[in-house]
Amino acid sequence: MVDPTTTVVWDRALLDYDMGEHPLNPVRVELTMALARELGVLDRPGVRMVTPEPATEADLTRIHRPDYLDAVRRAPLDPFFRGWGLNTADNPVFDGMHEASARICGASIAAAEAVWSGTTTRAVNIAGGLHHAMAARAAGFCVYNDPAVAIARLLDRGAQRVAYVDVDVHHGDGVQAAFYNDPRVLTISLHETPLTLFPGTGFADETGGPGAEGLAVNVPLPPGTGDGGWLRAFHAIVPSVLRAFAPEIIFSQCGADSHLLDPLADLRLSVDGQRAAHLAMRDLADELCDGRWVATGGGGYALVEVVPRAWTHLLATATGDPLDPHTPTPQAWRKLAAERCPGVTAPETMTDGTPPPAEQWQPGTTPDAVDRAILASRMEVFPLHGLDPHDPRD
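Residues numbered from 1 in each chain as written. Predicted model: local features only at pLDDT ≥ 70, side-chain atom pairs only at ≥ 80, totals over all residues. Heavy atoms only, no water.

Observations concerning the overall build of the protein
And step 1. When its secondary structure is counted, the protein shows 11 helices and 8 strands.
And step 2. Looking at the protein as a whole, 61% of its 394 residues are labelled buried.
And step 3. Considering only contacts in the protein between residues 6 or more positions apart, those separated by 24 or more positions represent 76%.
And step 4. Here the protein displays about 14400 Å² of accessible surface, and carbon together with sulfur accounts for 51% of that area.
And step 5. Here the protein holds 30 positive side-chain charges and 51 negative ones, and the gap between their average locations is 3 Å. (Helix = DSSP H or I, 4+ residues; strand = E, 2+ residues; numbered from the N terminus. Buried < 20%, exposed > 50% of the residue type's maximum accessible area, 1.4 Å probe, protein only. Contact = heavy atoms within 4.5 Å. Areas by Shrake-Rupley, 256 points an atom, 1.4 Å probe, with all protein chains shown as cover. Lys, Arg positive; Asp, Glu negative; His and termini not counted. Charge placed at Lys NZ, Arg CZ, Asp CG, Glu CD.)

Okay, structure coming up:
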């Protein structure tokens, strides 16, 4: 493979996706881009910065119903608006909601187009990853589903095998729903079990619709799963299924809410474990599809302590050499974080000080809860790809 180049899609207008006093605070995106800039990640050779245009009506209606788009436009004009999942605690309406949501989608389309056209090898839209929105319903802080809209663009451009890998702590339900019956799209989601966390879907037996059997892969993990167990599950399932599918391009949703400090969920990853996941996805793209990799952000609600570091590691992984975990965070960035989020102490280094252990899945007679989750997912999906669920070599 030639030396990779990377498109980073960015505009401060992406911060307009702002629900007010709400966990999904755009400051996490602002602080990510500021940290990446201070550390020189965005100035690396081969990095191309692109300003996105909003997605068009035609782009959005590849996934969303026209009457839902009308509702999104109307909702901010009516304080008593109800329906479509809007004007709820999870999905409050805000001025310019349609425009801001369309711009997020446009940014993910721009990232996907840059890679598919061959303009760059990799692309990142940190502001994207709104994976819960459905065809006619807002859900889980998500109004429009930018990963699904961008994948639809890839299909329209002729892609026949798109792999979507979602490592957010929540199930990537909206993307799965959009392509559940489409044999051109493989969706893989590792998440906290739906028995304990929104959205209540993503069980191992959700494996794809007629004609697409085995192309929805779900790995629901028990609360408390840390770096070792999570990475063991990833490597026990994701590489094998991706190799069997042979994708032309990998599209990742890299939510940072699997972290142990995240206030909305109960997995226990470190920033170091999340960094290891980014490296694994990049390496799989290099191995399987000539490096073609599109990455977005997603969830993440430890706004200063976690998200900026996790996604700066993602940007570094996509743009060249990964950052040394022991890299200090710049004083100028810590000052900005203190201004934006008073009372929150910014971390001083890019590590949590916990190098993730290297654990390999081995089927045994007394597996732990993570091993049981791994085997359940393998039993459901591996035979549909001609793989042996009991053989750790598959």
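Side note on the packing of helix α1 (residues 27–38) against helix α9 (residues 307–319)
And step 1. Two elements in contact, α1 and α9, have axes whose closest approach is 8 Å; the angle formed by their N-to-C orientations is 50°. Taken together, the axis directions place α1 and α9 in an arrangement best described as oblique. Note that α1 runs across α9; the crossing there is right-handed. Contacts between α1 and α9 involve R28, V29, L31, T32, M33, L35 and A36 from the first element and V307, P308, R309, W311, T312 and L315 from the second.
And step 2. Here the contact of α1 with α9 is built from residues that sort into 9 nonpolar, 2 polar and 2 charged. (Axes fitted to C-alpha atoms, helices over the stretch in contact; angles between N-to-C directions. Parallel < 35°, antiparallel > 145°, perpendicular 65-115°, else oblique. Left-handed = near helix turned anticlockwise from the far one by under 90°. Nonpolar A, V, L, I, M, F, W, Y, C, P; charged D, E, K, R; others polar.)

Quick notes on the packing of aromatic side chains
Think of a pair of aromatic rings as described by two things: how far the centres are apart, and how the planes are tilted against each other in angle.
And step 1. Per the stated rule, a full pass over the model turns up 6 aromatic pairs.
And step 2. Ring plane angle 85° and centroid distance 5.7 Å describe the contact between F141 and Y301, whose orientation is recorded as edge-to-face. Highlighted residues: F141 in the loop between β3 (122–125) and α5 (146–156) and Y301 in the loop between β8 (293–296) and α9, separated in sequence by 160 residues.
And step 3. According to the relative accessible area criterion, F141 is buried, its value standing at 11%.
And step 4. Residue classification places Y301 among the buried positions, given a relative accessible area of 11%.
And step 5. Relative to F234, the ring of W230 has its centre 5.7 Å away and its plane inclined at 20°; by these criteria the two rings are stacked. Of this pair, W230 and F234 both sit in helix α7 (residues 227–245), separated by 4 residues, roughly a single helical turn. Pair check on accessibility: W230 and F234 agree, each one buried.
And step 6. The structure contains a cluster of three or more aromatic residues connected by ring pairs, namely Y68, W84 and Y144. (Phe/Tyr/Trp six-rings, centres within 6.5 Å; stacked < 30°, edge-to-face > 60°.)

With respect to the pairing of strand β7 (residues 249–253)
And step 1. Counting buried residues in β7 gives 5 out of 5 residues, a clear majority hidden from the surface.
And step 2. The two faces of β7 match: I249, F251 and Q253 on one face and I250 and S252 on the other face are all buried.
And step 3. As judged from the 5 bridges shared by strand β4 (residues 162–166) and β7, these two strands associate in the parallel manner. From the neighbouring strand, V162 faces β7, where its bridge partner is I249.
And step 4. For the crossover from β7 across helix α8 (residues 271–288) to β8, the handedness is right-handed. (Pairing = 2+ DSSP bridges. Right-handed = clockwise from strand over helix to strand, strands pointing away.)

Some points on the packing of helix α4 (residues 97–116) against α5
The relative placement of two packed helices comes down to the angle between their axes together with the axis-to-axis distance.
And step 1. Direction vectors running N to C along α4 and α5 enclose 35°, while the axes themselves pass 8 Å from each other. You can see that α4 and α5 cross each other, and the crossing is right-handed. For the pair formed by α4 and α5, the contact residues are I104, C105, S108, I109, A112, E113 and W116 on the first element and D146, V149, A150, R153 and L154 on the second.
And step 2. Of the residues contributing to the contact of α4 with α5, the split by class is 8 nonpolar, 1 polar and 3 charged.

Some points on the sheet that holds strand β5 (residues 185–192)
And step 1. Judged by pairing direction, the sheet is parallel, and its 8 strands sit side by side in the order β2-β1-β3-β8-β7-β4-β5-β6 without closing on themselves. Strands with a single pairing partner mark the edges of an open sheet, and in this sheet they are β2 (47–50) and β6 (216–221). The mean inter-strand angle of the sheet, taken between neighbouring strand axes irrespective of direction, is 15°.
And step 2. By the bridge criterion, 6 bridges tie β5 to β6 in an arrangement that is parallel. For I188, the partnering residue across the bridge sits in β6 and is V217.

Quick word on the side chain of R232
And step 1. The residue R232 is located in helix α7 in this model.
And step 2. Contacts of R232, omitting those with residues within four sequence positions, involve E359, Q360, W361, D368, V370, D371 and I374.

Remarks on the layout of surface pockets
And step 1. Volume-wise, the largest pocket comes out at about 190 Å³.
And step 2. Along the wall of the largest pocket there are 19 residues; nearest its centre are H132, G140, F141, H170 and Y301.
And step 3. Taken together, 13 residues make up the lining of the second largest pocket; nearest its centre are H235, A236, Q360, P392 and D394.
And step 4. Tallying contributions element by element places α7 first for the lining of the second largest pocket, with 6 residues. (1 Å grid on protein atoms, 1.4 Å probe; cavity = no way out; pocket = protein on both sides within 12 Å on 5 of 7 lines; lining within 4 Å. Points joined across faces, edges and corners; volume = space filled by probe spheres on them.)

Considerations on the side chain of H64
And step 1. Relative to the helices and strands, H64 is located in the loop between α2 (57–60) and α3 (66–74).
And step 2. Polar side-chain contacts of H64 include one of 3.5 Å to the backbone oxygen of A135.
And step 3. Beyond its immediate chain neighbours, meaning those up to four positions away, H64 contacts L69, A133, M134, A135, V143, Y144, N145 and V149. (Polar contact = N/O pair within 3.5 Å; in protein donor to acceptor, adjacent residues only side chain to side chain.)

Thoughts on the pattern of salt bridges
And step 1. Scanning all chains against the criterion turns up 21 salt bridges.
And step 2. Linking R12 and E30 is a salt bridge whose minimum nitrogen-to-oxygen distance equals 3.7 Å. Placement of R12 in the loop between β1 (6–9) and α1 and of E30 in helix α1 is noted, with a sequence separation of 18 residues between them.
And step 3. What makes E30 buried here is its relative accessible area of 11%.
And step 4. Ionic pairing is found between R65 and D67, a salt bridge with its closest N-O pair at 2.8 Å.
And step 5. In this structure D67 comes out as partly exposed when scored by relative accessible area, which is 32%.
And step 6. Salt bridges sharing common partners tie together D59, E113, R153 and R157. (Salt bridge = Lys/Arg side-chain N within 4 Å of Asp/Glu carboxyl O.)

In short, the description is geometric, and any link to function would need to be established separately.
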